[in-house]
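Structure assessment
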Amino acid sequence: MVIAVDGPAASGKGTIARALADHFGLPHLDTGKLYRAVALNLLRWGGDPDSEFAALRACEDIAGLVDDPDLRSEAVGGIASRISAYPAVRTALLERQQEFAGQPGGAVLDGRDIGTVIAPDATVKLFVTASSRVRAERRLAELTSHGLHAHLPDVLIDIRARDERDSHRSAAPLLRADDALLLDTSTLDRDAAIAEAIRLAEGRIV
Ligand code: CDP
């Protein structure tokens, strides 16, 4: 069984995907980490994020970076959002995501294009969203808990810029798949969002 969880930045999709993986006993892949690892690689090399070629080179040897603490920084997230618009980068990361989704027994993947491109035949597809204001507040709390400093208005601007780029790029834009169930977490706390995701997923499993 494959569960695809897509949605915009800080919508709660990562938390929900991890909880679904625990609930159903499935392995989980946060695909945003792959794009962030490419961005971090590029940043550390001093490569140009405006160059698709440089971004493609940065797709090599990212295995050691997927658990790097710098992955969560807003600088890395911003570059990840830019380099993820390049078709060459998306193609370079496609195979490992599809292999993960195709493992025996299934998997849970979260990202932007799981239900549309990576696993279009997923058993369960969730599109998790929340208002940009709520998402900015959550992202701020997350940054603060990691000891990083930020201000709400800046985080809100950043989230909106990211939404704009992720939704309007031509390569695999952030889109709700026709058969994805919508989960708006704006007024739900963590536990309520998880409970609702499990309820929706169980409703899709026959
Ligand atoms: O949690 P947040 O949305 O800030 O970031 P993330 O999920 O770690 O993803 C970082 C960036 O990678 C996003 O802004 C997307 O542009 C990109 N991404 C993507 O294009 N496709 C995916 N499957 C996952 C992430």
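Refer to the structure presented above.
First things first, this report covers the structure right here in the doc. (Residues numbered from 1 in each chain as written. Predicted model: local features only at pLDDT ≥ 70, side-chain atom pairs only at ≥ 80, totals over all residues. Heavy atoms only, no water.)

What you see with strand β5 (residues 181–184) is a clean split: L181 and L183 sit on the buried side and L182 and D184 on the side with no burial. Pairing analysis gives four bridges linking strand β4 (residues 124–129) to β5, with the strands arranged parallel. Paired with T129 across the bridge in β5 is D184. (Buried < 20%, exposed > 50% of the residue type's maximum accessible area, 1.4 Å probe, protein only. Helix = DSSP H or I, 4+ residues; strand = E, 2+ residues; numbered from the N terminus. Pairing = 2+ DSSP bridges.)

Of all hydrophobic cores here, the largest spans 31 residues; its most connected members are V38, I83, V89, L93 and L109. If you tally residues by element for this core, the top one is helix α2 (residues 32–45), at seven residues. Once residues within four sequence positions are removed from consideration, L93 is found in contact with L34, Y35, V38 and I62. Of all hydrophobic cores here, the second largest spans 20 residues; its members include I3, A193, A197 and A201. (Core = buried A, V, L, I, M, F, W, Y, C linked by side-chain atoms within 4.5 Å. Contact = heavy atoms within 4.5 Å.)

It is worth spelling out the site of the ligand at this point. In the vicinity of the ligand lie 19 residues, with R36, R90, R112, R162 and D166 positioned nearest. Between the ligand and the protein, one listed contact pairs an oxygen atom with a side-chain N or O atom of R169 at 2.9 Å. Computed on the free molecule, the ligand has an accessible area of 520 Å², of which 97% lies beneath the protein chains in the complex. For the shell around the ligand, the elements supplying multiple residues, two or more each, are α2, α4 (74–83) and α8 (152–168). Sort the elements by how many residues they give to the shell around the ligand and α2 lands first, with three residues. (Near = heavy atom within 4 Å. Polar contact = N/O pair within 3.5 Å; in protein donor to acceptor, adjacent residues only side chain to side chain. Areas by Shrake-Rupley, 256 points an atom, 1.4 Å probe, with all protein chains shown as cover.)

It is worth spelling out the sheet that holds β4 at this point. One open sheet holds the five strands; their spatial order is β2-β3-β1-β4-β5, and the pairing between them is parallel. A single partner strand is all that each edge strand has here, and the edge strands are β2 (28–30) and β5. On average, each strand axis in the sheet is tilted by 20° relative to the strand beside it, whichever way the strands run. The pairing of strand β1 (residues 2–6) with β4 spans four bridges and is parallel. Bridged to D6 within β4 is F127. The strands touched by helix α5 (residues 87–101) are β1, β2 and β3 (107–111); relative to β3, the strand with the most contacts, the crossing angle is about 145°. Strand contacts of helix α9 (residues 190–204): β4 and β5, with the helix running at about 170° to β5, the strand carrying the most contacts. (Axes fitted to C-alpha atoms, helices over the stretch in contact; angles between N-to-C directions.)

In a regular helix each residue adds 1.5 Å, so 15 residues correspond to 21 Å; α9 covers 22 Å between its end C-alpha atoms and thus fits that length. Within the span of α9, buried status applies to A193, I194, A197, I198, L200 and A201. Across the axial projection of α9, the buried residues extend over an arc of 165°, all falling on one side. Set apart from the buried face of α9 by more than 90 degrees, the exposed residues are D191, R199 and G203. Looking at the packing, one finds that the buried side of α9 touches α1 (13–24), β4 and β5. Residue D189 occupies the N-cap position of α9, its side-chain oxygen lying 3.3 Å from the main-chain nitrogen of D191. (Expected span 1.5 Å × (residues − 1). Arc of directions from axis to C-beta.)

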